Amino acid sequence: RERVYYRMLYEAVVYSRSAALAKWSQWASIRFDLLPATLCLLLSRLQSDAPTHPLAHTLSELSNVGLGLPAESCGDGAEAPAGQPDLKAMSLSSLDEVPLASGSIAQVHAAVCRGERVVVKVRHPRVGEELLLDMELLRRAATALHCWVPSLRWLNA
């Protein structure tokens, strides 16, 4: 019976595509000291089975920051902030269509920039907005638990 419940929990995490929930689940998957081993083993699948986003999103995001465009057409002439790369001086000459890896927040692609092999990391669509929403929902859930389950208040000490 527990396995069915844990399987439902795992599927809820996977199908929600919630970055915060996936990150929490990845952390929980290694906490055999806190959670049942059956649940930890099931959640550990999230360490390597993250979905990918479409190549069109990757290309759009790279274009938005000036990568992938000819160097002379990038930017507005402003200097890069101190400590930040000058994106106007960079352009990708190639990008592998299949990602090297994908995680709960982003995926990475091999590329060539100015003749050198590099790796570019691109966040999944809407992940920033979803993280903000997830954090607000978690904050509200924690507040409710704090009020309704006095025995858990020690967690907030």
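Computed from a predicted model, the values in this text were never measured in an experiment.

(A) Quick peek at the side chain of Ser29. If you trace the backbone, Ser29 turns up in the loop between α2 (19-28) and α3 (37-43). Of the residues examined, Ser29 reaches a relative accessible area of 2% and is grouped as buried. Reaching out from Ser29, the side chain makes a polar contact with the backbone oxygen of Gln26 at a distance of 2.6 Å. With near-sequence residues (within four places) excluded, Ser29 lies in contact with Cys40, Leu43, Ser44 and Gln47.

(B) How the structure looks around helix α4 (residues 55-64). Burial in α4 covers these residues: His57, Thr58 and Leu62. The arc enclosing the buried residues of α4, seen along the axis, measures out at 130°, which places them on a common side. Residues of α4 that are exposed and point more than 90 degrees away from the buried face comprise Ala56 and Asn64. Against β1 (92-95), β3 (106-113) and β4 (116-123) lie the buried residues of α4.

Thresholds applied
Residues numbered from 1 in each chain as written. Predicted model: local features only at pLDDT ≥ 70, side-chain atom pairs only at ≥ 80, totals over all residues. Heavy atoms only, no water. Helix = DSSP H or I, 4+ residues; strand = E, 2+ residues; numbered from the N terminus. Buried < 20%, exposed > 50% of the residue type's maximum accessible area, 1.4 Å probe, protein only. Polar contact = N/O pair within 3.5 Å; in protein donor to acceptor, adjacent residues only side chain to side chain. Contact = heavy atoms within 4.5 Å. Arc of directions from axis to C-beta.

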